[in-house]
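Topology and contacts: notes
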Amino acid sequence: MNKIGNFFKRYEWLGPFLVMTVIIFAYLYDQVINHSMLIFNDTPFHFGRFWEVHQQIATGKISYFQSNFSFNQSGRIINAVYGPLFALIMGSLTFIFTTWFRFQIGTSILLIYLAGFGFYKMAKETEQVSLPFLNLGLFIFLELGYIPAWIQGQSMMAWGGAIVPWVLRYGIRMIKLKKDQINVIGLAVSMAIAAQTHNLTVAMLILALTPAFIVAFVKSNEKKKLFRDVIFSVIIFLFLSANIIGALLVLKTNNIAMPVPIDLKGIALNITPNLVQRNHITPLMLIVLIITAGLAIINFNKNKLNFWLGLGGASFFFLSTKAFPWGITERLLPFLKTSFQSPSRLTVIAYPLLLVSLSISLSSIAKRKNLRNIILKWGITGLAVIASISALFDFQAYLHSNTLAYLDNNVVVLYSWVYKVPKSRTIIREDMMSRNQGKLFQDLANSEPDYLPITKKIDSGQIVNIYGQKVVKNTDNFVRKVNKDGSLSLIWKQKKAGKKLLPIVMYKQSTLFLNRKKDRYKFESVAIPVVQARKDMNIATLKFNSPIWFIILLWISIISWIALIIYKGWMFCSKKRKFLQ
């Protein structure tokens, strides 16, 4: 019996692993059996980002800023400012998962395990959670909010949400201890990984960790050391993230279009009978979360750590809902409609905090064997189990209905801001199963305004139409060639000399050569150049010129990551040697 007990103690992660595997099976069963995908508005955008990396690696024709192979080969900036390291990893995975269908299935599995083990590590950091209640919290965590959103339609917030628990565990460490409260490298690296994945996630994590730092500072026995460790951690983070900071500064020198504005109150968390969307929650699950916050707050004197987890989770949850006055907020701060866009995104912080708190409360109640606590334990556990199983069935039904839509020859592409789609939508299904992954972007394209250069302030809806007509649907028989130096050439013939609209965009750092001469060009509201072309053959070459100071920052980031990997490898090998001795 002791051997069995020791085995389960040593390999207790197998329980959470099994929970994650069950969730994966439940989520992906329909897609695997039917060879289907859920294609939404984010699908061509993010797959395009990864295809850009794939092609740059495959051809060796590298351009850090300029998109030469995707986004209609328009030269627009995307990956440099939007999760560059994540895009590199995902682009590399496209060599392993050789169709978009396989890629979606493979990355969905990776996402669930990343998020699941993050929650496991976060809960274990408290040192107050028993395994059965950890597994219950984990099961609910993988159902709620944005974690399933990658499977629903390739939302990047899902990956941000998967990284969040890995970072929040360092906030737990701050509150829990009275000395050595900061894991300098661990905190810096986890935040840097979040920054290299999804910018908005970093902003929300800073909001979440700030109260943890204040609590830690008040109770700390080593205030100077705490402050010094935070400074060191921030410096390491800045070194690891220097490429993103530099790219954003480069972009800031341009007049850039913002994303399409979204009604904040309309996208705030809402109560609905079916838990099928990231911005909805069922009444039953809401009751579970309210009880969770209540238990943590009521028992403030008994468990300070759980109090802060419950209070923090409840605060972020309230901010994510329609109960918060988002209508007034967006009138006072209209920029939030294009930058923040969705209050329900705050649940990526709220849910892990509340569900770890639930696991702590149930573990604590289970230790007390009187009748009141036994009834309380089984009552809350039963309610949570019913809520989670009900939510899982609802979500499976949602996935199944969307699978049927994908298999419908007249639908295939679900709700989206699609600007270009073939009349025969079955072509898109063929593209998803094809080893020629680039064909998808010839057939399917959006016209998002994100990061496009503009010459004057203009409505996002107008930008969508201008870019869509002049770039996405500009089929004027251009031959495109990507050059070894990372520049992009457009080759075309015209019967007589005259003006020619080129389906590319230009930033302040862009240079355009027409027939090997630096050209003069004109823009309208979006920086799409019109050139004076000659009769017969013309060649226009677009090149983005990265500032020297940015190249320095890029190398600082690269060297910092290499140094970190070497250091961690050396530490790992040192521990192994000591163990073997």
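Keep in mind that this is a model prediction, so the values were computed, not measured.

**A few points about the overall build of the protein**
For the protein, the count of helices and strands is 23 helices and 11 strands. Taken over C-alpha atoms, the radius of gyration comes to 26 Å for the protein, in line with the 25 Å a tight globule of 581 residues would show. If you line up the protein on its principal axes, its C-alpha atoms span 95 × 55 × 55 Å. Across the 581 residues that make up the protein, the buried fraction comes to 56%.

**Thoughts on the pairing of strand β6 (residues 488-494)**
If a strand is regular, its side chains alternate between the two faces of the sheet. Most of β6 is tucked away, with 5 of its 7 residues classed as buried. Here strand β5 (residues 479-482) pairs with β6 via 4 bridges, running antiparallel. Directly across from valine 482, in β6, lies its bridge partner leucine 488. Taking the residues that link successive antiparallel strands as the turn, the β5-β6 hairpin has 5 residues, and the phi of glycine 486 there is positive, at about 85°. Note: β6 against strand β11 (residues 536-544), 7 bridges, orientation antiparallel. Directly across from glutamine 494, in β11, lies its bridge partner aspartate 536.

**Here's the deal with unusual backbone geometry**
Of note, phenylalanine 71 is a non-glycine position whose phi angle comes to about 50°, a positive value. Mapped onto the fold, phenylalanine 71 is located in the loop between α3 (43-59) and α4 (84-93). For glutamate 127, which is not glycine, the phi dihedral falls at a positive 60°. Mapped onto the fold, glutamate 127 is located in the loop between α5 (100-125) and α6 (131-141). By relative accessible area, glutamate 127 is classed as exposed at 65%.

**Some thoughts on the pairing of strand β8 (residues 510-514)**
Most of β8 sits out of view: 4 of its 5 residues are buried. As defined by bridge partners, β8 adjoins β11 across 5 bridges and the pair is classed as antiparallel. Within β11, the residue paired with leucine 512 across the bridge is leucine 542. Direction of pairing for β8 relative to strand β9 (residues 517-518): antiparallel, over a ladder of 2 bridges. Residue pairing for β9: leucine 514 is matched across the bridge by lysine 517.

**What to know about a nonpolar patch on the surface**
Taken together, Phe217, Phe227, Ile231, Phe232, Val234, Ile235, Leu238, Phe239, Ile245, Leu249 and Trp549 make up a surface patch of nonpolar side chains, about 960 Å² in accessible area. When contributions to the nonpolar patch are tallied by element, the ones reaching two or more residues are α11 (223-240) and α12 (242-252). Counting residues per element, the nonpolar patch draws most heavily on α11, which supplies 7 residues. Looking at the element boundaries, phenylalanine 217 is found in helix α10 (residues 199-219).

**A short note on the packing of aromatic side chains**
Within the structure shown, the criterion is met by 33 aromatic pairs. With a centroid separation of 6.2 Å and an interplanar angle of 80°, the aromatic rings of tryptophan 13 and phenylalanine 17 are classed as edge-to-face. Since its relative accessible area comes to 34%, tryptophan 13 is described here as partly exposed. Using a relative accessible area of 31% as the deciding quantity, one classes phenylalanine 17 as partly exposed. Aromatic side chains phenylalanine 119 and phenylalanine 141 sit 5.1 Å apart centroid to centroid with 20° between the ring planes, which places their arrangement in the stacked category. Of this pair, phenylalanine 119 sits in helix α5 while phenylalanine 141 sits in helix α6, placing them 22 residues apart in sequence. Neither residue differs from the other here; phenylalanine 119 and phenylalanine 141 are each classed as buried. Ring pairs connect the aromatic residues Phe47, Phe50, Trp51, Phe86, Trp100, Phe103, Trp150, Trp159 and Phe441, which therefore count as one cluster. Lysine 223 extends its terminal NZ or CZ atom over the ring of phenylalanine 217, reaching a point 5.8 Å from the ring centre.

**Focus: the nonpolar core**
Within the largest apolar cluster, 165 residues are counted, with the highest numbers of intra-cluster contacts made by Tyr27, Leu142, Phe317, Ile349 and Leu355. If one sorts the elements of this core by residue count, helix α18 (residues 347-367) sits on top with 13 residues. Excluding its chain neighbours within four sequence positions, the residues that come into contact with leucine 142 are Met20, Ile23, Tyr27, Ile112, Ala115, Gly116, Ile147 and Pro148.

**Brief notes about the sheet that holds β5**
Here we have 5 strands laid out as an open sheet, ordered β5-β6-β11-β8-β9, and antiparallel in their pairing. One side of each edge strand has no neighbouring strand; the edge strands of this open sheet are β5 and β9.

**Notes on the packing of α10 against α11**
With their axes 10 Å apart at the nearest point, α10 and α11 run at an angle of 165° to one another. The orientation of α10 relative to α11 falls into the category roughly antiparallel. In this structure, α10 meets α11 at a crossing whose hand is right-handed. Across the interface between the two elements, Val202, Phe213, Ala216, Phe217 and Val218 from α10 touch Lys223, Leu226, Phe227, Val230 and Phe237 from α11. Taken together, the residues of the contact of α10 with α11 sort by class into 9 nonpolar, no polar and 1 charged.

**Focus: helix α22 (residues 460-472)**
By the burial criterion, the buried members of α22 are Ser460, Ile463, Val464, Tyr467, Gly468, Val471 and Val472. Projected down its long axis, α22 carries its buried residues within an arc of 125°, all on one side. N-capping of α22 is provided by aspartate 459, with a side-chain oxygen placed 2.9 Å from the backbone N of glycine 461.

Calculation criteria
- Residues numbered from 1 in each chain as written.
- Predicted model: local features only at pLDDT ≥ 70, side-chain atom pairs only at ≥ 80, totals over all residues.
- Heavy atoms only, no water.
- Helix = DSSP H or I, 4+ residues; strand = E, 2+ residues; numbered from the N terminus.
- Rg over C-alpha atoms; globule rule 2.2 N^0.38 Å.
- Buried < 20%, exposed > 50% of the residue type's maximum accessible area, 1.4 Å probe, protein only.
- Pairing = 2+ DSSP bridges.
- Patch = residues over 30% accessible without salt bridge, like charges linked within 9 Å, V, L, I, M, F, W, Y side chains within 5 Å.
- Areas by Shrake-Rupley, 256 points an atom, 1.4 Å probe, with all protein chains shown as cover.
- Salt bridge = Lys/Arg side-chain N within 4 Å of Asp/Glu carboxyl O.
- Phe/Tyr/Trp six-rings, centres within 6.5 Å; stacked < 30°, edge-to-face > 60°.
- Lys NZ or Arg CZ within 6 Å of the ring centre and 35° of its normal.
- Core = buried A, V, L, I, M, F, W, Y, C linked by side-chain atoms within 4.5 Å.
- Contact = heavy atoms within 4.5 Å.
- Axes fitted to C-alpha atoms, helices over the stretch in contact; angles between N-to-C directions.
- Parallel < 35°, antiparallel > 145°, perpendicular 65-115°, else oblique.
- Left-handed = near helix turned anticlockwise from the far one by under 90°.
- Nonpolar A, V, L, I, M, F, W, Y, C, P; charged D, E, K, R; others polar.
- Arc of directions from axis to C-beta.
- Polar contact = N/O pair within 3.5 Å; in protein donor to acceptor, adjacent residues only side chain to side chain.

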